[in-house]
Amino acid sequence: MAKGGQTPEPPGSPEVRAAWARKEAGDVAGARRDAERLLAGTPSPEDRAQAEELLRRSSTPRALYGFALVAAAVFTGLLLLAWTRYA
């Protein structure tokens, strides 16, 4: 436990902490590249778990693709209705 004003060191290697810092700063693509580069090597189990967690948290949710497909279908339908009405 940290005493008076001491901040405990976050877990993981400096590479993992740097990847998380990039993600927190807004560079998600760079953080993902760093995590993938780390996983390509032979990381410790703790670093592997943190890199996989970073990749999981920064991936696009699959449901978003479904909503985009439905929106595209509705937009196409509206375009076809307008085209048949005014053509």
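Residues numbered from 1 in each chain as written. Predicted model: local features only at pLDDT ≥ 70, side-chain atom pairs only at ≥ 80, totals over all residues. Heavy atoms only, no water.

Student: Report on the overall build of the chain, specifying residues and quantitative values.
Tutor: Secondary structure assignment for the chain yields four helices and zero strands. Each helix and strand of the chain, ordered N terminal to C terminal, gives the series α-α-α-α. For the chain, buried positions account for 20% of its 87 residues. With an accessible surface of roughly 6,900 Å², the chain has 63% of that area assigned to carbon and sulfur atoms. (Helix = DSSP H or I, 4+ residues; strand = E, 2+ residues; numbered from the N terminus. Buried < 20%, exposed > 50% of the residue type's maximum accessible area, 1.4 Å probe, protein only. Areas by Shrake-Rupley, 256 points an atom, 1.4 Å probe, with all protein chains shown as cover.)

Student: Pulling in residues and values, what's your account of the packing of aromatic side chains?
Tutor: According to the stated counting rule, one finds zero aromatic pairs in the structure shown. Above the ring of Y86, the side-chain terminus of R85 is found at 5.3 Å from the ring centroid. (Phe/Tyr/Trp six-rings, centres within 6.5 Å; stacked < 30°, edge-to-face > 60°. Lys NZ or Arg CZ within 6 Å of the ring centre and 35° of its normal.)

Student: Can you explain the pattern of salt bridges? Please cite residues and give values.
Tutor: Here the structure, examined in full by the defined rule, presents six salt bridges. Among the ionic pairs, R22 bridges to D27, the shortest N-O distance being 2.7 Å. Judged by its relative accessible area of 31%, R22 is partly exposed. Through salt bridges that share partners, R22, D27, D34 and R37 make up one connected network. (Salt bridge = Lys/Arg side-chain N within 4 Å of Asp/Glu carboxyl O.)

Student: Could you give an account of the packing of helix 1 (residues 14–25) against helix 3 (residues 45–57), with specific residues and numbers?
Tutor: Relative orientation of the contacting elements helix 1 and helix 3 amounts to 15 degrees, with a least axis distance of 10 Å. As summarised for this structure, helix 1 and helix 3 are arranged roughly parallel, according to the angle between their axes. Helix 1 and helix 3 meet at a crossing whose hand is left-handed. In contact with V16, A19, W20 and K23 of helix 1, helix 3 contributes D47, Q50, E53, L54 and R57. Across the contact of helix 1 with helix 3, the residue classes tally to four nonpolar, one polar and four charged. (Axes fitted to C-alpha atoms, helices over the stretch in contact; angles between N-to-C directions. Parallel < 35°, antiparallel > 145°, perpendicular 65-115°, else oblique. Left-handed = near helix turned anticlockwise from the far one by under 90°. Contact = heavy atoms within 4.5 Å. Nonpolar A, V, L, I, M, F, W, Y, C, P; charged D, E, K, R; others polar.)

Student: Before we move on, could you go through the nonpolar core and cite the residues and values that matter?
Tutor: V16, A19, W20, A31, A35, L38, L39, A51, L54 and L55 form the largest nonpolar core, which has ten residues in total. Among the elements of the structure, helix 1, helix 2 (28–40) and helix 3 are those that each provide at least two residues to this core. The residues touching A35, leaving out its near neighbours within four places in the chain, are A51, L54 and L55. (Core = buried A, V, L, I, M, F, W, Y, C linked by side-chain atoms within 4.5 Å.)

Student: Before we move on, could you go through helix 3 and cite the residues and values that matter?
Tutor: Taking 1.5 Å per residue, 13 residues should reach 18 Å; helix 3 reaches 18 Å between its end C-alpha atoms and fits that length. Every buried residue of helix 3 is listed here: D47, Q50, A51, L54 and L55. Down the axis of helix 3, the buried set is contained in an arc of 140 degrees. They therefore lie on one face. Pointing more than 90 degrees away from the buried face of helix 3 are the exposed residues P45, R56 and R57. Those residues of helix 3 that are buried are in contact with helix 1 and helix 2. (Expected span 1.5 Å × (residues − 1). Arc of directions from axis to C-beta.)

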